[in-house]
Each structure stands twice: as structure tokens, then as C-alpha cells.
Amino acid sequence: MKRRKFIQNASLSTLGVVATAAIVSCKTETETTAIVATSNDKVVKPLVIATWKTDLAVETAAEVLEKGGSALDAVEQGCRIEEANEKGQSVGKGGLPDRDGDVTLDACIMDEKGNYGAVLGVKNIKHVISVARKVMEDTPHVMLVGEGAEKFAVTKGFERENLLTEASKKAWENWKIKSEYKPIINIENHDTIGMLAIDKKGNISGACTTSGLAYKMAGRVGDSPIIGGGLFVDNEIGGASATGLGEEVLKTVGSFLIVELMRQGKSPQEACEEAIGRIVNKPGKDFKNFQVGYIAVNKKGETGAYSIHEWFSYNIYKDKENKNIKSDYFNKV
Ligand code: GLY
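Residues numbered from 1 in each chain as written. Predicted model: local features only at pLDDT ≥ 70, side-chain atom pairs only at ≥ 80, totals over all residues. Heavy atoms only, no water.

Trainee: Sorry if this is basic, but what is going on with the overall build of the protein here?
Mentor: Within the protein, the regular secondary structure consists of nine helices and 17 strands. When burial is assessed residue by residue, the protein has 53% of its 333 residues classed as buried. Put simply, of all contacts in the protein between residues at least 6 apart along the chain, 64% involve residues at least 24 apart. Surface summary for the protein: the accessible area is close to 15,400 Å², and the carbon and sulfur share equals 51%. (Helix = DSSP H or I, 4+ residues; strand = E, 2+ residues; numbered from the N terminus. Buried < 20%, exposed > 50% of the residue type's maximum accessible area, 1.4 Å probe, protein only. Contact = heavy atoms within 4.5 Å. Areas by Shrake-Rupley, 256 points an atom, 1.4 Å probe, with all protein chains shown as cover.)

Trainee: Help me understand the side chain of Lys-216, please; the structure alone is not making it clear to me.
Mentor: Here Lys-216 lies in the loop between strand S11 (204-210) and strand S12 (231-234). As a buried residue without a salt bridge, Lys-216 has its nearest oppositely charged side chain in Asp-106, at a separation of 4.5 Å. When residues no more than four places from it in sequence are discounted, the contact partners of Lys-216 are Pro-97, Asp-98, Arg-99, Thr-104, Asp-106, Tyr-181 and Ser-211. (Lys, Arg positive; Asp, Glu negative; His and termini not counted. Salt bridge = Lys/Arg side-chain N within 4 Å of Asp/Glu carboxyl O.)

Trainee: For this particular structure, what's the right way to read the site of the ligand?
Mentor: Around the ligand sit Asp-191, Thr-192, Gly-212, Leu-213, Arg-220, Gly-222, Asp-223, Ser-224, Gly-244, Leu-245 and Gly-246, and those are all the residues in its vicinity. Arg-220 is positioned with one of its side-chain polar atoms (N or O) 2.6 Å from an oxygen atom of the ligand. A distance of 2.8 Å separates an oxygen atom of the ligand from a polar backbone atom of Gly-246. In isolation the ligand has 200 Å² of accessible area, and contact with the protein removes 100% of it. Using a 2 Å cut-off from the grid points, one finds that the ligand occupies the largest cavity. Taken together, the residues of the shell around the ligand break down into two nonpolar, six polar and three charged. (Near = heavy atom within 4 Å. Polar contact = N/O pair within 3.5 Å; in protein donor to acceptor, adjacent residues only side chain to side chain. 1 Å grid on protein atoms, 1.4 Å probe; cavity = no way out; pocket = protein on both sides within 12 Å on 5 of 7 lines; lining within 4 Å. Sits in = over half its atoms within 2 Å of the grid points. Nonpolar A, V, L, I, M, F, W, Y, C, P; charged D, E, K, R; others polar.)

Trainee: Explain helix H2 (residues 55-66) here, please?
Mentor: For H2, spanning twelve residues, the distance from its first C-alpha to its last is 16 Å, which sits close to the expected 16 Å at 1.5 Å a residue. Listing the buried residues of H2 in full gives Ala-57, Val-58, Thr-60, Ala-61, Ala-62, Val-64 and Leu-65. Looking at the buried side of H2, the elements it contacts are strand S6 (47-51), helix H3 (71-84), strand S10 (193-198), strand S16 (313-318) and strand S17 (321-326). Just downstream of H2, Gly-68 is the residue with a positive phi angle, here 95 degrees. (Expected span 1.5 Å × (residues − 1).)

Trainee: Just checking my understanding: could you explain the nonpolar core for this structure?
Mentor: Note that soluble globular proteins tend to have their nonpolar side chains buried in a common cluster. In terms of nonpolar packing, the biggest core is built from 46 residues, with Ile-258, Val-292, Tyr-294 and Ile-308 touching the most fellow members. In contact with Ile-308, other than residues within four places in its own chain, are Ile-276, Ile-279, Val-280, Phe-287, Phe-290, Gln-291, Val-292, Tyr-329, Phe-330 and Asn-331. (Core = buried A, V, L, I, M, F, W, Y, C linked by side-chain atoms within 4.5 Å.)

Trainee: Before we go on, may I ask you to explain the sheet that holds strand S14 (residues 292-298) in this structure?
Mentor: With antiparallel pairing, the four strands of this open sheet are ordered in space as S12-S13-S14-S15. Since the sheet does not close on itself, it has two edges, and those belong to S12 and strand S15 (303-307), each with one partner. With direction set aside, neighbouring strand axes in the sheet form an average angle of 10 degrees. Alignment of S12 against strand S13 (residues 238-244), held across four bridges, turns out to be antiparallel. (Pairing = 2+ DSSP bridges. Axes fitted to C-alpha atoms, helices over the stretch in contact; angles between N-to-C directions.)

Below is the structure:
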């Protein structure tokens, strides 16, 4: 008896493959088979997810992807928008300084091949995400710190500039009156942009950039530039990025944990929730005064986000729409 069999490549349905899959018919002695041609001609719907209300950054990254650009270019270009936004006081120019009044920036980037580059504690250079990419692509190293990173940036054509804006200087001067050192990520200001993207080839890359904790001790570095802390990407599985109090993310290697949980079969949402659980469920942990938020995406283009407190949101670009979404959260009491 003749039977019709449709062979569908699983990745076509799960990855949201569009347009170019061609249906071809071929007859065998016993059956007529519709084969979906896949191989090199598949196109994946671009996706971007980023921490906090980062509409313009995500739109910029999405534009790169829609034009056929790489996920790596998309996350770099997207993060540069926040680094140049002087009104944002937690990333790039205009970031709140350390307790000595110096703005120091941290950033890292990962591509689809598992390459990683980072800079830590950099002064006077605004686009540290691009410096991190140069470390990844133009040096045999993965991390440059402080003056060395700044010098390297200058050799690569980056211009030195004063990153302390009048507004951030005023905020620091006000803080100095009491000099209360409370490492709290506040409610209304966002902290750190972490961004993950999937390009039309289905490749995943990620980037993370920050001025770190406001009024931090000179030399303090958080999670954002640390592989597996503020960011981790494995192109076979997915990616994750973090925002919030970096010390708590680092102690649980949060982004790496999320990707590994996804490898074990958890959805991005389940993985983000478990990573937050690892922080808040530590015996005696007082999490009332700090925030941590995670975003994640898997190879199928499924996303997740979760935070400790309710004031975390993220932007997502999917199906040609860019939306800011309030994250689900742990502390509902
Ligand atoms: N998540 C940014 C920091 O702790 O520095």
C-alpha cells in the first residue's frame, strides 16, 4: 500500500526556520515522500534579548540581524548604544564612579565558537565592549585589566575621554557626604546590559557591559566581565547573562550554571529560576536588599528571565517586534 510520509527536520519547526525551506517530492517504489530541503539554505528568525529597558540597544542589534549580520556584530552594536547613553548611570559614559570618583568599566563578549574576550576596570574609554572584542580577536589572551587594557585600546584607535558626566559627578559628591557603602542595586536605575542574540544562521553570541557597582571600592570587579558569571554562550545549547549584584552571581557562576542546566534539559525559564534559587536558598541568605536578574535563550529560540525582586525587566526582539517585559521574580511576599 502506498503511503505519504512527510519528513520534517526537527530543527525547522523548533528554530523558527522561515522562507527558504523547499518542499520536494520524490517517489520510491513503495511511497511518495515529501522532503523538506534543509542543509545550507535554512534561515533562522533573528532574536535579541537584553537586560532592563533597553529598547534602542535591542532595536539596533535587531537591525544588524535583519540585514543578515552576525550575532556577534549585533550584540556589540547593541551594547555600544548603552555605553554611549550618558543618561544611563550604570554603563559606559556617565556611569557612576567608584568611591574615589573614577569611572571604571568592565565588559566581555563571547562568539558562537566559544571565544571570549574581556576588559576589567578600564578608565577613559567608553566603548569597552568593542575593546573586549579586540582582546578576543586580536590577542592571544582573553582578559586585559586596568591600565594595560586602556593602553591596548588606544593602540587599537580608541580615544581617551572623560567618562564622568556632571550628573554622575554630582551624584558622587552627594554620596560622599555620608559615604555609606551599601552595595545595593537600586530599584529604578537599571544596572548592566547583558545581551544575547541569534542570527539568521542560527548562531548565538552574547555581550555584557557595565560601570559596576556605584561607589565601589577602587579595584572592585563584579560578574559582568567574567566568563560564566555575567555571561556565557555555548552555541550548541544557548546563552545566559546576568545583572544585579555581581558578587552573588559570581559565587554561583550564574550564567554558566544556566547554560549547563539547559544542557541537562531544563527550559531557559526553568534554568533561570534554578539559578536564582541557588542564591536565595542559601541558609541564612538575606536577599532583601540586593537584586539579581537573569536572561537566557536556548538554541530553539526559547527564552527565559527571572529575578529575585519584582523590579527587573528585559527587552526582547522576536518576530520583528521589540518589547519590554516585566520579569517574573522570586520574592512575592
Ligand atoms: N552586575 C554588575 C556588577 O556587579 O558589577
